[in-house]
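# Examining the three-dimensional arrangement
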Amino acid sequence: MIRSLSTAVSGLRGHQIKLDVIGNNIANVNTVAFKKSQARFEDLLSQTMQGATAPLTRGGMNPSQVGMGMRVSGILNNHFQGPIQNTDRETDLAIEGEGYFVVSDGRENFYTRDGSFGRDASGYLVKVNGLRLMGILGAGESEGSELAPIHSPLGERAVARATSQVSFAGNLDARAWRLAQGEGWGLDLGSVEEGQFSLTLDGHSVTLDYNGVDAGLIHGALVELYGCPEGLITVKGGDGLFNITLDPQLEASQLEFTGAAESPGLSITQEYQPAGASAGSLYSYEHYLFDSLGRHYFVEFIFTPTGQNSWGYEAYLDGESTSIGSGELIFDAEGNLDREASTINNLVYGPEGADSLDVISSFLGCTQLAGPSNLLVREQDGFTTGELVSFEIGRTGAVTGTYSNGMVENLGQIALSFFTNPEGLIKEGGNLYQVTSNSGEPRMGLPGTEGRGLIRSSSLEMSNADIAVEFTELITTSRAFQANTRVVTASDEILMEVINMKR
């Protein structure tokens, strides 16, 4: 009887522990990133009443044993992924897959799946208990990198970036070289009847009109010029000779003449004679560069045709006469840039009190075709001074800051730790874990690498305890506990009967 009582007591103890585990799971059914536990049982050493015998002349016999009860073999922590719930806070983070956030109190590191972080007064990302989220400050670093707290000083940090590259796009006029050589451009308008005619200057074109009708509709008399250089237009008609000097600064003007001829037919030839090979052939464009202190400098780029398919260029800083860069652009027969034949040098300048500028010039988007020159700077990568106004956390843990000047900078990379045996971690309370001798050492690295999961911002991982499963376990465990109490009761009644035998 004493043995049955002892066995029943072991069952009571074991199932009481399981009830404690189930109660803890139910209590934490809404705890962020909680990992439920499971109690596992094993039987105790059995008392052998009779050993086994081998079959000889008689058949073999099995051993006869009486069990001594049960005990809890272990309490397992189940670390499978819990459901992910969206939140309204960008600093709430959830891990999709394996891995643990690393947090620190300044002395030692802890590990957690609870990503409910916020910003403290110093701009650090911290848990509600003040532990700082750790990360890798060098973007692209991985395992073995030194950890440091993730910092996002909104409104406090100001940055600037020096220009390191300038990219051009657009066209350079393929007709400019003929103008630079001083060649005339003429068009025979043929024979027209006696009457009025006029020349109209509009932008870069000269149009001949006859009796108020565009002669281009009759004779194709549209003559294109290259810029508006100072020069001469000569109109010959019969005995008349008209010379008009053009002002290169004119954007639009109308020049009218009245021509008469004694003969019924009037032969007109319009001709342009360039006055030198300079103003009409050059093209200039002004843009700006930034130094490392955020100061900007205006740079004038002057392009000059040096051959039928070649252009030289010079860059002058803020109207200074000293060039900070030059080169030569060579184009093929289809108007595309020949990179190998071209000579493209960096723009070099040493601003006072700042790092020297060494700017790469890119002309990959440039062409040389018969059309107006419109080359411009498509982009440059420098920025003036700006303050940090916002940040966001990407799937790979990259913390990216956006500044008031439009500059985007990596503020750090959230690190995740990976364990060979996460069930070997020990709970420290506050949703924290610590390393044990059976968990393996933490392997730090970036999310999405070497088995680590990805990060989802504005989300939290919920408890993996299923309340339906826990209630079912609660019923079966309570019934098992009650059954063991019945064994104690029955054993007590039998002992009572034995005692009563003396009466």
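### Remarks on unusual backbone geometry
Excluding glycine, residues mostly have negative phi values, and the peptide bonds linking residues are mostly trans. Not every positive phi belongs to a glycine, and N431 is a case in point at roughly 60°. As for its position among the elements, N431 is in the loop between β36 (426-429) and β37 (432-434). At E450, a position not held by glycine, the phi torsion is positive, near 50°. Mapped onto the elements of the fold, E450 is located in the loop between β38 (443-445) and β39 (454-457). Looking at E450, the relative accessible area reads 44%, which means it is partly exposed.

### With respect to the environment of G386
By secondary structure assignment, the location of G386 is in strand β32 (residues 383-393). Sequence separation of G386 and R157 is 229 residues, and the distance between their C-alpha atoms is 8.3 Å. Residues contacting G386, with those up to four places away along its chain left out, are R157, A158, V159, Y403, S404 and N405.

### Structural notes on a nonpolar patch on the surface
Taken together, the side chains of I467, F471 and L474 define a hydrophobic patch exposed on the protein surface, amounting to about 240 Å² of accessible area. Position of F471 among the secondary structure elements: in helix α4 (residues 467-500). Residue classification places F471 among the partly exposed positions, given a relative accessible area of 41%.

### A look at the pattern of salt bridges
Under the defined criterion, the tally for this structure stands at 13 salt bridges. Across the salt bridge formed by R295 and D291, the nearest N and O atoms sit 2.8 Å from each other. When its relative accessible area of 35% is taken as the criterion, R295 is described as partly exposed. You can call D291 buried: its relative accessible area is 0%. Members of the salt-bridge network, linked through shared partners, are K35, R113 and E461.

### Considering helix α1 (residues 2-27)
The first and last C-alpha atoms of α1 sit 37 Å apart over 26 residues, in line with the 38 Å expected at 1.5 Å per residue. Every buried residue belonging to α1 is among A8, S10, G11, L12, G14, H15, K18, L19, V21, I22 and N25, and all of these are buried. Elements that come into contact with the buried residues of α1 comprise β1 (37-43), β4 (70-77) and α4.

### Overview of the packing of aromatic side chains
A full pass over the atoms with the stated rule returns 13 aromatic pairs. Ring geometry for F168 against F303: centres 6.2 Å apart, planes inclined by 80°, an arrangement best described as edge-to-face. Taken together, the positions of F168 in strand β14 (residues 165-173) and F303 in strand β25 (residues 296-307) put the pair 135 residues apart, joining distant regions of the chain. Assessed through its relative accessible area of 1%, F168 is described here as buried.

### Here's the deal with the sheet that holds strand β30 (residues 357-369)
By way of backbone hydrogen bonds, the strands of a sheet pair with one another, either parallel or antiparallel. Ordered in space as β29-β30-β14-β31, the four strands form an open sheet in which the pairing is mixed. A strand with exactly one partner marks an edge of an open sheet, and here the two such strands are β29 (347-349) and β31 (376-380). Each strand of the sheet is rotated relative to its neighbour by a mean of 25°, with strand direction disregarded. Where β14 lies against β30, eight bridges are found, and the strand directions are parallel. Across the sheet, S167 pairs through a bridge with S362, a residue of β30.

### With respect to the packing of α1 against α4
The contact between α1 and α4 brings their axes to 9 Å, and the two run at 160°. Our classification of the angle between α1 and α4 gives roughly antiparallel. Where α1 crosses over α4, the handedness of that crossing is left-handed. Its residues assigned to classes, the contact of α1 with α4 shows 13 nonpolar, eleven polar and four charged.

About the criteria used
- Residues numbered from 1 in each chain as written.
- Predicted model: local features only at pLDDT ≥ 70, side-chain atom pairs only at ≥ 80, totals over all residues.
- Heavy atoms only, no water.
- Helix = DSSP H or I, 4+ residues; strand = E, 2+ residues; numbered from the N terminus.
- Buried < 20%, exposed > 50% of the residue type's maximum accessible area, 1.4 Å probe, protein only.
- Contact = heavy atoms within 4.5 Å.
- Patch = residues over 30% accessible without salt bridge, like charges linked within 9 Å, V, L, I, M, F, W, Y side chains within 5 Å.
- Areas by Shrake-Rupley, 256 points an atom, 1.4 Å probe, with all protein chains shown as cover.
- Salt bridge = Lys/Arg side-chain N within 4 Å of Asp/Glu carboxyl O.
- Expected span 1.5 Å × (residues − 1).
- Phe/Tyr/Trp six-rings, centres within 6.5 Å; stacked < 30°, edge-to-face > 60°.
- Pairing = 2+ DSSP bridges.
- Axes fitted to C-alpha atoms, helices over the stretch in contact; angles between N-to-C directions.
- Parallel < 35°, antiparallel > 145°, perpendicular 65-115°, else oblique.
- Left-handed = near helix turned anticlockwise from the far one by under 90°.
- Nonpolar A, V, L, I, M, F, W, Y, C, P; charged D, E, K, R; others polar.

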